[in-house]
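# Summary of the model geometry
Residue strings, one per chain:
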Amino acid sequence: MNINLTLFGQMVTFAIFVWFCMKFVWPVIIGAMEERQLKIAEGLDAADRSVRDLEAAQDKVANQMKEAKQEASGIVDQAHKRANQIVDEAKVLAVAEGVRLKVAAEAEIEQEINRAKEELRSAVAGLALAGAEKILEASIDDKANRVLIDKLAAQL
Amino acid sequence: MAGENPASTTEYIQHHLQNLVYGKLPAGFERETESGMEVLGADTWTMAHGASEAAAMGFWAIHVDSMGWSIGLGVLFCWVFRRAAVRATTGVPSGMLNFIEMIVEFIDGSVKDSFHGRNKMVAPLALTIFVWIFLMNLMDLLPVDLVPKLMGLAGVGYQKIVPSTDPNITMGMALGVFVLMIYYNIKIKGTGFVKELTMHPFNHWAFIPINLFMELVGLLAKPFSLGLRLFGNMYAGEMIFILIAMMFAAGAGTGLVFGGLNAQFFGEDTDGVFWLVIFTMVCGVCWMNLKGKISTGKTVLLTLGLLTIGGGVFALGGGLMQWGWAIFHILVITLQAFIFMVLTIVYLSMAHEEDH
């Protein structure tokens, strides 16, 4: 076991290598590693955030779907209601029209009856006159007879 | 490699524990050269041949192998981490960068756990200590004979490839940490540091000498415990690798046939050649089996036979033990690097805190 100059040689060498490592090796590697660590952390954060965003978007979509469905069913209900209303209105209108038509028809019938009565009356008057003429033959004053006959006709 | 001869066993161990030293031989030193003894006329800076010359150099010497491996591994650390730093992006990291960031994050966590002051130097210091010491310890897992043998072939006599088994290296780092401790103690606490040394643990002026003594011992124990713990653990681990390697070699020497021939005709130095022959033959048998020329049963029998001839049962046991110890040692080298780092952080944290 000889202690000699090698001791100091090793000390100097040691110092040089430590200096080299401190200057050119350690900061570079550790810097790159820390930077990467940061990057990875950011990436993970971003991934988390996007998952949360996705969930929020899905929630939103579901909500909107629900709203749309509700709206649609509302519209359908309303349409049903409106259709019923229209049908009811149409019924009322139809009844009114029916009544009006009936009244008009009745009026016409009355008119027809009246007219027929008139015709019948004049026809009866003519007939009676002709009968009387035949009975009385020519002696009778036509004018005086006519008044009598019209009186008769009015009594019918 | 060494056989059963106790002298060569000792030599083997000593050879493994001898650093490659460059230093100043003092004037008047008797040097052994090829042409006989030579007395040096003046101080000479030279590469030491052997332990005695290394010892004679005293303080003015440097362990070329320890320094070389230590600086080389330090440069490797700086290069790899600098490359990662240049490529660091805030995007998705990949491959090597991932691994580096894992280490950096681990160190950062350890520092944040035990250091609460504000100091930009502690974390890079901890990173340097952990990775560098780990790399130095890791050299222990290379086969003990591999690099020294290769270096021997290249003409270099000694080679200790694990810098952390050299107390100079571990104490050098521990003293570096110690200097930082003192610096921050004074910078952060100012006179509070003097007060801490003199008025702890007995808060009375009469106890100042006792306090000073106790606190100084406590302070000085820190770098020593730091450096010597690492050194002791790594030295012991290396020692066990060497001992297992010797068993392996001894196993080869006790081979039934070749071992005997070896001892009779060739002496100790041919263990390597002998093993190469056995190894080649085993490889050949396996190759023939792969080519379908002999059956698997025969292959196993032939391999076992060859290994028995070569004393391979012992050798195989040695190899397995080497392997087992290496696996266990992976834990030790990591743990030691970690302990050195954590203690450094704790010591510096103490230097930053007013009351403890």
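In the annotation of an unreviewed UniProt entry, the entry for chain B reads ATP synthase subunit a, and the organism field reads SAR92 bacterium BACL26 MAG-121220-bin70. Check the Sequence similarities (unreviewed entry) section of the UniProt entry for chain B; it says "Belongs to the ATPase A chain family."

With an unreviewed UniProt entry as reference, chain A is termed ATP synthase subunit b, source organism SAR92 bacterium BACL26 MAG-121220-bin70. Here chain A is described in UniProt, under the heading Sequence similarities (unreviewed entry), as follows: "Belongs to the ATPase B chain family."

Looking now at the overall build of chain B. Helices and strands together make up the secondary structure of chain B, namely 13 helices and five strands. Evaluated residue by residue, chain B yields a buried proportion of 44% over its 356 residues. Put simply, chain B shows about 18,300 Å² of open surface, and 71% of that area lies on carbon and sulfur atoms.

Before going further, it helps to spend a moment on the overall build of chain A. Scanning chain A for helices and strands turns up two helices and zero strands. Dimensions of chain A, computed from the C-alpha atoms along their principal axes, are close to 195 × 20 × 15 Å. When burial is assessed residue by residue, chain A has 15% of its 156 residues classed as buried. Working note: accessible area of chain A is about 12,400 Å², and carbon and sulfur atoms make up 63% of it.

In the structure shown here, the tally under the stated rule is eight salt bridges over all chains. Linking Glu112 of chain A and Arg115 of chain A is a salt bridge whose minimum nitrogen-to-oxygen distance equals 2.6 Å. Here Arg115 of chain A and Glu112 of chain A lie together in helix H1 (residues 6-136), a separation of three residues that amounts to about one turn. For Glu112 of chain A, a relative accessible area of 40% corresponds to the partly exposed category. Linking Lys24 of chain B and Asp43 of chain B is a salt bridge whose minimum nitrogen-to-oxygen distance equals 3.7 Å.

Next up on the list: the packing of aromatic side chains. Residue and element names in this part refer to chain B. Following the criterion strictly, the structure yields 16 aromatic pairs over all chains and no others. Residues Phe241 and Trp325 carry aromatic rings whose centres are separated by 6.3 Å and whose planes lie at 65° to one another, so their mutual orientation is edge-to-face. Residue Phe241 is found in helix H9 (residues 208-253), and its partner Trp325 is found in helix H13 (residues 312-352); the two are separated by 84 residues along the sequence. Of the two residues, Phe241 and Trp325, both sit in the buried class.

Residue and element names in this part refer to chain B. The N-to-C vectors of helix H3 (residues 64-87) and helix H4 (residues 96-114) enclose an angle of 105°; their axes lie 10 Å apart at closest approach. On the basis of their axis angle, the class for H3 and H4 is roughly perpendicular. Contacts from Val80, Phe81, Ala84 and Arg87 in H3 reach Met96, Leu97, Ile100, Ile103 and Val104 in H4. When grouped by side-chain class, the residues that make up the contact of H3 with H4 number eight nonpolar, no polar and one charged.

Further remarks concern the UniProt feature "transmembrane region" (unreviewed entry) in chain A. Feature annotation in UniProt assigns "transmembrane region" (unreviewed entry) to the following positions: residues 12-32 of chain A. For the annotated span residues 12-32 of chain A, helix accounts for 100% and strand for 0% of the residues, and the straight-line distance between the end C-alpha atoms is 30 Å.

A few words now on the pairing of strand E1 (residues 21-25) of chain B. Residue and element names in this part refer to chain B. Bridge analysis of E1 against strand E5 (residues 61-63) gives three bridges, and the strand direction is antiparallel. Looking across to E5, one finds that Tyr22 is bridged to Ile62. Alignment of E1 against strand E4 (residues 44-47), held across four bridges, turns out to be antiparallel. Bridging from a neighbouring strand, Leu25 pairs with Thr44 of E4.

What follows covers helix H7 (residues 167-189) of chain B. All names here are of chain B. In a regular helix each residue adds 1.5 Å, so 23 residues correspond to 33 Å; H7 covers 31 Å between its end C-alpha atoms and thus fits that length. Sitting at the head of H7, Asp166 places a side-chain oxygen 2.9 Å from the backbone nitrogen of Asn168. Within two residues after H7, Gly190 carries a phi angle of roughly 60°, on the positive side.

Hydrogen bonding along the main chain pairs the strands of a sheet, whether they run parallel or antiparallel. All names here are of chain B. Across the sheet, three strands lie side by side as E4-E1-E5; this open sheet has antiparallel pairing. Two strands in the sheet have a free side with no partner beyond their single neighbour: E4 and E5. Looking at each pair of strands side by side, their axes are set apart by 15° on average, direction ignored. Along the sheet, H3 makes contact with E1, E4 and E5, crossing E5 at roughly 50°.

The rules behind each value
- Residues numbered from 1 in each chain as written.
- Chains lettered and ligands numbered in written order.
- Predicted model: local features only at pLDDT ≥ 70, side-chain atom pairs only at ≥ 80, totals over all residues.
- Heavy atoms only, no water.
- UniProt positions renumbered as here; feature names shortened; annotations may be inferred.
- Helix = DSSP H or I, 4+ residues; strand = E, 2+ residues; numbered from the N terminus.
- Buried < 20%, exposed > 50% of the residue type's maximum accessible area, 1.4 Å probe, protein only.
- Areas by Shrake-Rupley, 256 points an atom, 1.4 Å probe, with all protein chains shown as cover.
- Salt bridge = Lys/Arg side-chain N within 4 Å of Asp/Glu carboxyl O.
- Phe/Tyr/Trp six-rings, centres within 6.5 Å; stacked < 30°, edge-to-face > 60°.
- Axes fitted to C-alpha atoms, helices over the stretch in contact; angles between N-to-C directions.
- Parallel < 35°, antiparallel > 145°, perpendicular 65-115°, else oblique.
- Contact = heavy atoms within 4.5 Å.
- Nonpolar A, V, L, I, M, F, W, Y, C, P; charged D, E, K, R; others polar.
- Pairing = 2+ DSSP bridges.
- Expected span 1.5 Å × (residues − 1).
- Polar contact = N/O pair within 3.5 Å; in protein donor to acceptor, adjacent residues only side chain to side chain.

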